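# Close look at the chain arrangement
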Amino acid sequence: MVVAGVLALQGDFEAHARILRRAGAEAIEVRTAADLDAAGGLIIPGGESTTMLKLLREEGLFEALREFGGTRPIFGTCAGAILLARHVTAPAQESLGLMDMDVERNAYGRQLDSRIVTIAAPGLDGGQIEAVFIRAPIIRRAGPEVHVLGRYGGNPVLVEQGRHMAATFHPELTGDLRVHRFFLDKVEENAAQTRPVSVHR
Ligand code: GLN
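The following paragraphs examine the structure supplied in this document. (Residues numbered from 1 in each chain as written. Predicted model: local features only at pLDDT ≥ 70, side-chain atom pairs only at ≥ 80, totals over all residues. Heavy atoms only, no water.)

### What to know about the overall build of the protein
Which entries qualify depends on this criterion: Secondary structure follows DSSP: runs of H or I at least 4 residues long count as helices, runs of E at least 2 residues long count as strands, and numbering of each begins at the N terminus. Only C-alpha atoms enter the radius of gyration, while the globule expectation follows 2.2 Å times N to the 0.38, with N the number of residues. Burial classes: relative accessible area under 20% of the type maximum marks a residue as buried, over 50% as exposed, and values in between as partly exposed (1.4 Å probe, protein chains only). Only heavy atoms enter the contact rule, under which two residues are in contact if any of them lie within 4.5 Å.
In terms of helices and strands, the protein carries five helices and twelve strands. The C-alpha atoms of the protein give a radius of gyration of 16 Å, which matches the 17 Å a tight globule of 201 residues would have. Expressed along its principal axes, the backbone C-alpha trace of the protein runs to roughly 60 × 40 × 35 Å. With 201 residues in all, the protein has 51% of them scored as buried. The contacts of the protein with a sequence gap of at least 6 include a subset with a gap of at least 24, amounting to 63%.

Here is the structure:
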């Protein structure tokens, strides 16, 4: 069974864990660096990225997550996407820099303060998905290695880069399993690639 961690310091981690279980994975809550050992991949949930950053530092998890992301998939949603980005503005803050994209926080303004819309998601089966935005960031720049899976209003809102993924919306809130399944496929694929193979002579 695929084992996926959900960073459980702050924010919407319980809803992610429920969706992961419904999608057939084992979900574990991650609060310390040691909790990461069992996880084949990790979801960083939505919440408040400044608070999460502070807690990551306090738990000694900031560097541990960077290292984890060097070999295993991370999926950041909303605040989690902010933490994965290379550059963060409005205001500027430190981030893990695991995905080559720049994000601006709270950039949709009151218009998208909390809203559910249908977005074009050519990267997912079905081609579109209901997306819940809550004080969402905008991905202002996506580097050449970043593949856009979904867009809203001309901006990328669901992206992948190699083993990592980010959504500026909350895929854990609609009961649609497709986004989480997409991530779990990455976790499975990554585990298969990195599993040590025995050498026979
Ligand atoms: N606005 C929040 C932040 O900047 C993110 C909002 C969310 O995760 N729903 O951290």
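Additional details are given in the paragraphs that follow.
### Section: the site of the ligand
Stated precisely, the cut-off is as follows: Throughout, the term near means that a residue has one or more heavy atoms lying within 4 Å of the molecule or strand in question. Counted as a polar contact is a pair of N or O atoms within 3.5 Å, where, for protein atoms, one must be capable of donating a hydrogen and the other of accepting one, and residues adjacent in sequence contribute only when both atoms are in side chains. The Shrake-Rupley method, run with a 1.4 Å probe, gives the accessible areas here. Residue values count only the displayed protein chains as cover.
Near the ligand you find Gly46, Gly47, Glu48, Ser49, Cys78, Ala79, Ile82, Arg105, Asn106, Ile134, Arg135 and His170, and these make up its full shell. Asn106 places a side-chain nitrogen or oxygen 2.7 Å from a nitrogen atom of the ligand. In this structure, a nitrogen atom belonging to the ligand sits 3.0 Å away from a main-chain N or O atom of Arg135. Protein contact buries 94% of the 300 Å² of open area that the ligand shows by itself.

### Details of the packing of aromatic side chains
Note the cut-off: Pairing of aromatic side chains here covers Phe, Tyr and the six-membered ring of Trp, requires ring centres within 6.5 Å, and sorts the geometry by plane angle: under 30 degrees stacked, over 60 edge-to-face, intermediate tilted. Here, a charge over a ring means that NZ of Lys or CZ of Arg falls within 6 Å of the ring centre while also lying within 35 degrees of the ring normal.
Evaluated as defined, the whole model comprises four aromatic pairs. An aromatic cluster is defined as three or more aromatic residues linked by ring pairs; in this entry it consists of Tyr108, Phe133, Tyr152 and Phe169. Its guanidinium or amino end placed over the ring of Phe62, Arg57 lies 4.1 Å from that ring's centre, counting from NZ or CZ.

### Examining the side chain of Glu160
Along the polypeptide, Glu160 turns up in strand β11 (residues 155-161). A relative accessible area of 13% means that Glu160 is categorised as buried. Within the structure, Glu160 has its side chain in polar contact with the side chain of His147 (distance 2.7 Å). Side chain to side chain, Glu160 and Lys186 meet in a polar contact 2.6 Å long. Not counting chain neighbours up to four residues away, the residues in contact with Glu160 comprise Met99, Glu145, Val146, His147, Leu149, Met165, Phe182 and Lys186.

### A few points about the pattern of salt bridges
We apply this condition: Counted as salt bridges are all cases of a side-chain nitrogen of Lys or Arg within 4 Å of a carboxyl oxygen of Asp or Glu.
Across all of its chains, the model carries eleven salt bridges by this definition. Salt-bridge contacts for Lys54 lead to Glu58; the nearest nitrogen and oxygen are separated by 3.4 Å. Of this pair, Lys54 and Glu58 both sit in helix α2 (residues 49-58), separated by four residues, roughly a single helical turn. The exposed category is assigned to Lys54, whose relative accessible area is 53%. On the basis of relative accessible area, Glu58 is assigned to the exposed category, the value being 52%. Across the pair Asp176 and Arg178 runs a salt bridge, and its minimum N-O distance is 2.7 Å. Connected through shared salt-bridge partners, Arg86, Asp100, Asp102 and Arg141 make up one network.

### Let's talk about helix α3 (residues 61-71)
The criterion, for reference: For this quantity, the arc is that covered by the directions from the helix axis to the C-beta atoms.
The complete set of buried residues in α3 reads Leu61, Phe62, Ala64, Leu65, Phe68 and Gly69. The arc that holds every buried residue of α3, seen down its axis, measures 160°, which confines them to one face. Looking at the buried residues of α3, the elements they touch are β1 (3-7), β3 (41-44), α2, β4 (74-77) and β12 (164-167).

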